[in-house]
Amino acid sequence: MSPATSSGKPGFQQLPLDTTLPRDWKTLASGPEMPLVCLTDFQAYAQEHLSKSTWDFIEGGADECFTRDDNMAAFKKIRLRPRYLRDVQEVDTRTAVQGEEITAPIGIAPTGFHCLVWPDGEMSTARAAQAAGICYITSTYASCPFEDIAATAPRGLKWFQLYMQPDRQLNKQLVQRAESLGFKALVITVDAPKIGNRRRDFRNQLNLKMNLLLKDLRSPKERYSMPYFQMSPIDSSFCWNDLSWLQSISRLPIILKGILTKEDAELAVKHNVHGIIVSNHGGRQLDDVPASIDALTEVVAAVKGKLEVYLDGGIRTGNDVLKALALGAKCVFLGRPVLWGLAYKGEHGVEEVLNLIKNEFHTSMTLTGLF
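Is there a simple way to think about the overall build of the protein chain in this case?
The helix and strand tally for the protein chain stands at 14 helices and 12 strands. When each of the 371 residues of the protein chain is scored for burial, the buried share is 57%. Restricting the contact set of the protein chain to residue pairs at least 6 apart, pairs at least 24 apart contribute 72%. A total accessible area of about 16200 Å² is found for the protein chain, and carbon and sulfur atoms account for 52% of it.

Laid out in structure tokens, this is it:
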């Protein structure tokens, strides 16, 4: 599969040996007869209709998956304290992130390879985010060209997530390309100097290097000369002092994704970044670290209001969104649930997921007396 692009550049190619495609695109597009009324309904639908290897790639965590599961379990230990006899006729869920207004404090976290789940992948995701009026963080490992993602949702708020590559020139080219395409912030993932021990992928012998040929990550001189692309290793030498180089090549605000401790939060303030996403990579990197919601208060206290703090990991209900905000997050980001929606009905499935959790959050605000 080699989708045409507005830039004339190839997007990605699917090799014939790939077994990770959904079983039946038409089945996915038709949707189930019963309405899906919560995010776990979308999860069940995706599990039933995606191939085993694709499902395992999406749902798998590192090692024993303790942190993956704890991300959700930790929210259930937190109780809400509602206040009543308040005028909640008009509840406003709008907020702003990095100075840009969004309809609710809910966004889409960066996840790669959306074309494994739906034919036009990230383009569907971007259109759904634009329709919902929320922020979409596009992954370095998007399976659609960044130009097409930007063109298909020109009014949508988009941030660009970067895995630092060993080739410094390639990093510069990716950052400046994203900036020229209208992405409004740069999200640097800090918790992946090496890919975590994802047992499900090992058992399935999943090899995205062989199954997907990503053209966006070739260096400029290699993009048209290399017949095949092997996914670049992430630069494991990237450290705090290198942030000044990134700040020198772009005017975009820099957000660090993967901070879990007060020590690193304080260093983020010291190095003049603009935001932090408290995250453990959905439990896919280092197992046995704290659940994101458990790490949130430590990070919020450490930054002392000097930068915006966001959260991803374990958000499954509107109550979860409210709990994260009550503990100091400015916005939360959804990862796996967006892919479940994409598997359900593409762009419209993602819209349904976003609208569902936005409506749940509105209800949570109303019933706790917040407006």
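Having seen it, we continue.
What is the right way to look at the pairing of strand β5 (residues 135–138) in this model?
Side-chain direction in a regular strand flips from residue to residue, so the side chains alternate between the two faces of the sheet. By the alternation rule, side chains of β5 split into C135 and I137 and Y136 and T138, which are all buried. Where β5 lies against strand β6 (residues 157–162), 4 bridges are found, and the strand directions are parallel. Its bridge partner lying in β6, Y136 is registered against K158.

Explanation requested: helix α4 (residues 66–75) in the structure shown.
Two residues of an α-helix separated by three or four positions point the same way, owing to the 3.6 residues in each turn. Regarding α4, the residues found buried are T67, R68, D70, N71, A74 and F75. The inward-facing, buried residues of α4 contact α3 (52–59), α8 (199–203), α12 (292–303), β11 (308–312), α13 (318–326) and α14 (336–368).

Would you mind going over the packing of α3 against α14 with me for this structure?
In a packed pair of helices, the relevant descriptors are the angle between the two axes and the axis-to-axis distance. Orientation of α3 relative to α14, taken along the N-to-C sense of each, is 155°, at an axis distance of 10 Å. Accordingly, the angle class assigned to the pair α3 and α14 is roughly antiparallel. Of the residues in α14, those in contact with W55, I58 and E59 of α3 are R336, L339 and W340. When its residues are assigned to classes, the contact of α3 with α14 shows 4 nonpolar, no polar and 2 charged.

Even after reading the chapter, I still don't get the pairing of β6, so can you show me in this structure?
Counting buried residues along β6, 6 of its 6 residues qualify, which places the element largely inside the surrounding structure. The two faces of β6 match: L157, W159 and Q161 on one face and K158, F160 and L162 on the other face are all buried. In the classification by handedness, the crossover that spans β5, the intervening helix α6 (residues 146–152) and the parallel β6 is right-handed. Sheet topology note: the β6/strand β7 (residues 186–189) ladder contains 3 bridges and is parallel. Bridge assignment links Q161 to a residue of β7, and that residue is V187. At this point the chain moves from β6, through helix α7 (residues 168–180), to the parallel β7, and the crossover so formed is right-handed.

What is the right way to look at the nonpolar core in this model?
One broad trend across soluble globular proteins is that nonpolar side chains are buried collectively. In terms of nonpolar packing, the biggest core is built from 94 residues, with L186, I188, L246, I276 and L311 touching the most fellow members. The element that contributes the greatest number of residues to this core is α14, accounting for 13 residues. Aside from chain neighbours lying at most four places away, what touches L311 is F75, I277, V278, S292, I293, L296, A324, A329, C331, V332 and F333. Core analysis: the second largest hydrophobic core is formed by 14 residues, I102, A109, L157 and C331 among them.

Rules and cut-offs
Residues numbered from 1 in each chain as written. Predicted model: local features only at pLDDT ≥ 70, side-chain atom pairs only at ≥ 80, totals over all residues. Heavy atoms only, no water. Helix = DSSP H or I, 4+ residues; strand = E, 2+ residues; numbered from the N terminus. Buried < 20%, exposed > 50% of the residue type's maximum accessible area, 1.4 Å probe, protein only. Contact = heavy atoms within 4.5 Å. Areas by Shrake-Rupley, 256 points an atom, 1.4 Å probe, with all protein chains shown as cover. Pairing = 2+ DSSP bridges. Axes fitted to C-alpha atoms, helices over the stretch in contact; angles between N-to-C directions. Parallel < 35°, antiparallel > 145°, perpendicular 65-115°, else oblique. Nonpolar A, V, L, I, M, F, W, Y, C, P; charged D, E, K, R; others polar. Right-handed = clockwise from strand over helix to strand, strands pointing away. Core = buried A, V, L, I, M, F, W, Y, C linked by side-chain atoms within 4.5 Å.

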